Amino acid sequence: MKKTPFTDAHIALGAKMHEFAGYNMPIEYSGILDEHNTVCNGVGVFDISHMGEFWVKGPKALEFIQNITSNDASVLTPGKAQYTCFPNDEGGIVDDLLVYYYEPEKYMLVVNASNIEKDWEWCMSHNPMGAELENASDRTGQLAVQGPEATKVLQRLTPVDLSSIPYYCFTTGEFAGCKEVIISNTGYTGAGGFELYFYLGDAMTIWNALFEAGAPEGIKPVGLGARDTLRLEMGFCLYGNDLNDTTSPIEAGLGWITKLTEGKNFPGRAVIEAQKAGGVSRKLCAFELTERGIPRHGYEIVDPEGHVIGEVTSGTMSPVLKKGIGMGYVQTSFAKPGTDIAIRIRNKDIKAQVVKPPFRK
């Protein structure tokens, strides 16, 4: 298994480790519930150095991004980030990602860890304009510092005024004495905070500084288990569960990141354009169980009469709501909030209702 620059630190802290996307990653330390509540109420640190980072440079950089991603990168200005996806020829999703406009003719793409190799090959094979591409994934460390106390803790370690960085914006500056750290007001938890990108040689300096600076706030390391429950309470999609090569952005409720403006000639555009105009037969919905039970990936979703209408893609027991929550694809007529459905758990249909995310307000 691959290691991140923090793998030895996770093991020394007694983390429960497991393979994820080819990396030896921490699943939990003090327990998923405790770590989840730490991020909701205080501040937690996630090692996300397994994520992929691609640089796109040169005079053809924007043209490349416009012709491979679904969102409109032409509206970005330096210091802004954008959520988007790589559509495939059939209108499915190769991956969802972030685009950072670093400076003129220079962008950073941040892709999912499980898709780094696939995404790199996709980018290389969809670059007829000759943009300069660089895969910096193995040379870049990344930490997410999340929670309502995150900004206070981070501000102790940087001269950069964090309050001046709006949501989905970033800057590059000194952090914990380390130069050229990308400080980004983004995250995957809904609890606020920042994501940091840095050279591998600075990794442990930043790690140690964070835990020293955040000690008064009870800062804790957080594993992938709580990362999943936190993102699910916000209704954020996870690639491989809620999104894949066969799910379209329109089916997934991501029409807002799918722009059919002039100059956007991404793969599958005609398919997606037809779906936007004519609708789709299934949609991703969020639901809450109204009876006791825990929905899991792959469980059948049924209507009140017991007919199968879809399948759960993500599910858990919500640490905040103390009830089963999840997401799944259903026939479009059942996707409207307020619709009664049921989740088939061990051959028993457990009542549920479609709701509008996020679950955690």
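Residues numbered from 1 in each chain as written. Predicted model: local features only at pLDDT ≥ 70, side-chain atom pairs only at ≥ 80, totals over all residues. Heavy atoms only, no water.

Peer 1: Could you give an account of the packing of aromatic side chains, naming the residues involved and the relevant values?
Peer 2: Using the criterion set out here, one finds 12 aromatic pairs in the structure. An angle of 75 degrees between the planes, with centres 6.2 Å apart, marks the rings of Phe6 and Phe198 as edge-to-face. In this pair, Phe6 is assigned in the segment before helix H1 (7-12) and Phe198 in strand S12 (residues 193-199), connecting sequence segments 192 residues apart. On the basis of relative accessible area, Phe198 is assigned to the buried category, the value being 3%. With 5.1 Å between their ring centres and 85 degrees between their planes, Trp55 and Tyr102 make a pair best called edge-to-face. Of the two residues, Trp55 is situated in strand S4 (residues 52-57) and Tyr102 in strand S6 (residues 93-103); the sequence distance between them amounts to 47 residues. (Phe/Tyr/Trp six-rings, centres within 6.5 Å; stacked < 30°, edge-to-face > 60°. Helix = DSSP H or I, 4+ residues; strand = E, 2+ residues; numbered from the N terminus. Buried < 20%, exposed > 50% of the residue type's maximum accessible area, 1.4 Å probe, protein only.)

Peer 1: Provide a residue-level description of helix H2 (residues 32-41), including the pertinent values.
Peer 2: Three or four residues apart is the spacing at which side chains of an α-helix point the same way, because the helix has 3.6 residues per turn. All of the buried residues along H2 are Glu35, His36, Thr38, Val39 and Cys40. Among the structural elements, strand S2 (23-28), strand S3 (44-47), strand S9 (140-146), strand S13 (220-222) and helix H7 (224-233) are those in contact with the buried residues of H2. (Contact = heavy atoms within 4.5 Å.)

Peer 1: Please give an account of the pattern of salt bridges that cites residues and values.
Peer 2: Counted by the stated rule, this structure contains 17 salt bridges. Residue Lys3 pairs with Asp8 through a salt bridge whose shortest N-O separation is 3.1 Å. As far as the burial class goes, Lys3 and Asp8 line up, both exposed. Each of Lys57, Glu134 and Arg139 takes part in one network of salt bridges that share partners. (Salt bridge = Lys/Arg side-chain N within 4 Å of Asp/Glu carboxyl O.)

Peer 1: Tell me about the sheet that holds S4, residues and numbers included.
Peer 2: Spatially, the five strands line up as an open sheet ordered S5-S6-S7-S4-S8, and their pairing is antiparallel. Both outer strands of the open sheet, strand S5 (81-87) and strand S8 (132-135), are each paired with one neighbouring strand and no more. Put simply, the sheet's adjacent strands are angled 30 degrees from each other on average, direction ignored. The strands that helix H4 (residues 116-125) touches are S4, S5, S6, strand S7 (106-111) and S8; relative to S8, the one it contacts most, it runs at about 170 degrees. (Pairing = 2+ DSSP bridges. Axes fitted to C-alpha atoms, helices over the stretch in contact; angles between N-to-C directions.)

Peer 1: Which residues make up the sheet that holds S12, and what are the values?
Peer 2: Reading across from one edge, S10-S11-S12-S9-S3-S13 is the order of the six strands in this open sheet, with mixed pairing throughout. Two strands lie at the open edges of the sheet, namely strand S10 (170-175) and S13, each paired on one side alone. Averaged over neighbouring strand pairs, the angle between their axes works out to 30 degrees when direction is ignored. When S9 meets S12, the two strands line up antiparallel, connected through seven bridges. Looking at the pairing, Thr140 lines up with Tyr199 of S12.

Peer 1: Could you give an account of the nonpolar core, with specific residues and numbers?
Peer 2: As a rule of thumb, soluble globular proteins bury nonpolar side chains together. Core analysis: the largest hydrophobic core is formed by 37 residues, its most contacted members being Phe46, Tyr100, Met108, Val110, Leu243 and Leu254. Looking at this core, the elements with two or more residues in it are H2, S5, S6, S7, H7, strand S14 (282-289) and strand S17 (324-331). Here Met108 is in contact with Glu53, Phe54, Trp55, Leu98, Val99, Tyr100, Ile182 and Tyr197, once residues within four sequence places are set aside. Core analysis: the next-biggest nonpolar cluster, separate from the first, contains 32 residues, Leu143, Leu162, Ala176 and Phe198 among them. (Core = buried A, V, L, I, M, F, W, Y, C linked by side-chain atoms within 4.5 Å.)

Peer 1: Break down unusual backbone geometry for me, citing the residues and quoting the values.
Peer 2: Most of the time, phi is negative for any residue but glycine, and the peptide bond is trans. Here Pro357 and Pro358 are connected by a cis peptide whose omega angle stands at 5 degrees. On the secondary structure map, Pro358 appears in the segment after strand S19 (348-355). A positive phi angle, close to 55 degrees, is found at Ala176, a residue other than glycine. With respect to the helices, strands and loops of the structure, Ala176 is situated in the loop between S10 and strand S11 (178-184). Of note, Asn347 is a non-glycine position whose phi angle comes to about 65 degrees, a positive value. Here Asn347 lies in the loop between strand S18 (340-345) and S19.

Peer 1: Residue-level account of the side chain of Glu233, with values.
Peer 2: Here Glu233 is to be found in helix H7. Polar contacts involving the side chain of Glu233 include one to the side chain of His36, which spans 2.8 Å. Aside from chain neighbours lying at most four places away, what touches Glu233 is His36, Ser318, Pro319, Val320, Leu321, Ile325, Pro358, Phe359 and Arg360. (Polar contact = N/O pair within 3.5 Å; in protein donor to acceptor, adjacent residues only side chain to side chain.)

Peer 1: So what about the pairing of S3? Which residues, and what values?
Peer 2: Burial of the side chains of S3 extends over both faces: Gly44 and Phe46 are buried on one face and Val45 and Asp47 on the other. Sheet topology note: the S3/S9 ladder contains four bridges and is antiparallel. Residue pairing across strands places Asp47 opposite Leu143, the latter belonging to S9. The sheet contact formed by S3 and S13 spans three bridges and is parallel. Note on S13: the bridge partner recorded for Gly44 is Lys220.

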